Amino acid sequence: MTDPSGPEQFRVIYPLRSSAIVDVRAEFEHYDQATILFHWTTAVLVLIQWFGAQTIDWFPRGALRVDARSVHITLGLLLAMLLVARIVWRLILGRRLPPAEDGIRYVAAKAAHWGLYVLLLAMVLVGIVLTWTRGDNIFNLFSIPAYDPGNRDLAEQMQDVHATIGWILLAVAGLHTAAALVHHYIFRDKVLARMLPGG
Ligand code: HEM
Ligand code: HEM
């Protein structure tokens with residue numbers, strides 16, 4: 001039997017939330033395990049990629065720097081594949097939950113989620129184009145010929161674009177993380193829990 005005091009309880013526990021209907025649906029649903037795995041693997045890989053890229057130039061020119069750059073490119077390609085798989089999963093089988101917000105906060109959350117998908121796609125696409133315009137050597141095992149070998153400017157421009165998108169991605173992911181933590185620690189709702197394994 002359903003507990004008639006359910007929605008009432010939520011109004012008491014979460015007074016900051018404006019709609020009990022949205023609350024109740026949001027509190028009890030949970031993302032599926034594949035979506036959760038995709039989300040957290042992507043988040044960890046983005047951080048590894050961003051911080052890892054800053055260390056490439058710390059390595060002396062030669063085999064070590066080639067290896068550091070090769071790790072970045074290889075993980076980048078892995079991230080690109082994960083991203084495609086994640087989007088396909090979300091479109092076909094992944095669980096889509098009702099929005100946890102309404103009004104302006106709904107619009108902000110939606111914009112941030114769309115923005116993150118677009119930035120991730122842009123990041124990996126520009127990364128692939130950058131690798132191709134530079135011409136690269138992967139772990140000294142095989143080489144990717146440069147698209148236009150004499151054209152250093154093109155490669156530098158691509159690298160600037162890649163770095164700029166990286167900063168924007170980091171900023172939006174930072175705001176997104178802050179929003180998730182505000183939900184958890186200030187609104188004390190289950191928005192973060194529904195994206196946590198077993199949460
Ligand atoms: C979300 C994923 C990624 C992030 C956050 C990221 C981040 C970065 C950053 C911050 C830089 C340094 C740019 C600079 O300061 O000039 C960089 C460089 C680079 N990235 Fe990425 N990247 C990602 C994915 C990729 C992918 C998918 C590829 C290629 C398949 C790639 C290839 C490169 C290359 C070739 C460089 C130049 C390395 C060097 O300076 O020696 N990146 N990346
Ligand atoms: C680079 C890091 C991150 C990226 C790229 C990222 C990306 C995304 C994207 C694209 C979504 C939308 C999922 C969908 O509906 O299809 C999402 C949802 C979510 N993310 Fe992240 N995320 C990152 C880091 C984090 C962190 C660090 C946290 C928590 C501290 C977090 C918590 C959440 C939560 C709770 C949701 C579900 C929101 C809801 O159901 O309304 N994310 N994330």
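A.B. asks: Any chance you could explain the overall build of the protein here in plain terms?
C.D. replies: Counting secondary structure elements, the protein contains six helices and two strands. Its helices and strands taken in sequence order, the protein reads α-α-α-α-α-β-β-α from the N to the C terminus. Relative to its 199 residues, the protein shows a buried fraction of 16%. Considering only contacts within the protein whose residues lie at least 6 apart along the sequence, 68% involve residues at least 24 apart.

A.B. asks: What is the right way to read the environment of Asn 151 from this model?
C.D. replies: Tracing the backbone shows Asn 151 in the loop between β2 (142-144) and α6 (152-187). Residues Asn 151 and Thr 133, spaced 18 residues apart in sequence, show a C-alpha to C-alpha distance of 8.3 Å.

A.B. asks: Mind showing me how you'd approach the packing of helix α5 (residues 103-134) against α6 here?
C.D. replies: When two helices pack together, their arrangement is given by the angle between their axes and by how far apart the axes lie. Close contact between α5 and α6 brings their axes to 9 Å; oriented N to C, the two are set at 155 degrees. Considering their axes alone, α5 and α6 lie roughly antiparallel with respect to each other. Crossing geometry of α5 relative to α6 is assigned as left-handed.

A.B. asks: Sorry if this is basic, but what is going on with the packing of helix α3 (residues 33-55) against helix α4 (residues 63-92) here?
C.D. replies: Interaxial distance between α3 and α4 falls to 10 Å at its minimum, and their mutual angle equals 155 degrees. The angle between α3 and α4 places the two elements in the roughly antiparallel class. Handedness of the crossing formed by α3 with α4: left-handed. On the side of α3, the interface is formed by Ala 34, Thr 35, Phe 38, Thr 41, Thr 42, Leu 45, Ile 48, Gln 49, Gly 52, Ala 53 and Thr 55, while α4 contributes Ala 68, Val 71, His 72, Leu 75, Gly 76, Leu 79, Leu 82, Leu 83, Arg 86, Trp 89 and Arg 90. Classifying every residue of the contact of α3 with α4 gives 12 nonpolar, eight polar and two charged.

A.B. asks: Looking at this structure, how should I read the nonpolar core?
C.D. replies: The nonpolar side chains of a soluble globular protein tend to be buried, and buried together. Leu 79, Leu 120, Met 123, Val 124, Val 126, Leu 130, Ala 155, Ile 165, Leu 169 and Ala 173 together form the largest nonpolar core, which totals 10 residues. Going through the elements one at a time, α5 and α6 are the ones with two or more residues in this core. No other element matches the five residues that α5 contributes to this core. Once residues lying within four places of it in the same chain are set aside, the contact partners of Ala 155 are Leu 130, Thr 133 and Arg 134.

A.B. asks: Mind showing me how you'd approach unusual backbone geometry here?
C.D. replies: When glycine is set aside, most residues are seen to have a negative phi, and most peptide bonds are trans. One non-glycine residue with positive phi stands out, namely Asn 140, at about 55 degrees. Mapped onto the elements, Asn 140 comes out in the loop between β1 (136-138) and β2.

A.B. asks: How should I be thinking about the site of ligand 2 in this particular structure?
C.D. replies: Looking at ligand 2, there are 21 residues lining it, with Ala 43, His 113, Ala 173, Ala 180 and Met 195 nearest. Those elements that place two or more of their residues in the shell around ligand 2 are α3, α5 and α6. Classifying every residue of the shell around ligand 2 gives 14 nonpolar, five polar and two charged.

A.B. asks: What exactly am I supposed to notice about α4 here?
C.D. replies: With 30 residues, α4 extends 43 Å between its outermost C-alpha atoms, agreeing within 8% with the 44 Å of an ideal straight helix rising 1.5 Å per residue. Three or more residues of α4 are buried, namely Arg 69, Gly 76, Leu 79 and Arg 86.

A.B. asks: Looking at this structure, I do not really get α6. What am I missing?
C.D. replies: Every α-helix winds through 3.6 residues per turn, so residues three or four apart in the chain are directed the same way. Between its terminal C-alpha atoms α6 stretches 51 Å, which fits the 52 Å expected from 36 residues at 1.5 Å a residue. When α6 is considered as a whole, its buried residues turn out to be Ala 155, His 162, Ile 165, Gly 166, Leu 169, Ala 173 and His 183. Residues of α6 that are buried sit in contact with α3 and α5. Once α6 ends, the next one or two residues include Arg 188, with phi positive near 50 degrees.

A.B. asks: What's the story with the environment of Tyr 106 in this structure? I'm lost.
C.D. replies: Within the element layout of this structure, Tyr 106 appears in helix α5. When the 13 C-beta atoms within 10 Å are taken as the criterion, Tyr 106 is described as partly exposed. Not counting residues up to four positions away in its chain, the partners in contact with Tyr 106 are Pro 99 and Glu 101.

What counts, and where the lines are drawn
Residues numbered from 1 in each chain as written. Chains lettered and ligands numbered in written order. Predicted model: local features only at pLDDT ≥ 70, side-chain atom pairs only at ≥ 80, totals over all residues. Helix = DSSP H or I, 4+ residues; strand = E, 2+ residues; numbered from the N terminus. Buried ≥ 20, exposed ≤ 12 C-beta atoms within 10 Å, placed from the backbone. Contact = placed C-beta atoms within 7 Å. Axes fitted to C-alpha atoms, helices over the stretch in contact; angles between N-to-C directions. Parallel < 35°, antiparallel > 145°, perpendicular 65-115°, else oblique. Left-handed = near helix turned anticlockwise from the far one by under 90°. Nonpolar A, V, L, I, M, F, W, Y, C, P; charged D, E, K, R; others polar. Core = buried A, V, L, I, M, F, W, Y, C linked by C-beta atoms within 7 Å. Near = placed C-beta within 6 Å. Expected span 1.5 Å × (residues − 1).

Structural measurements only, silent on function.
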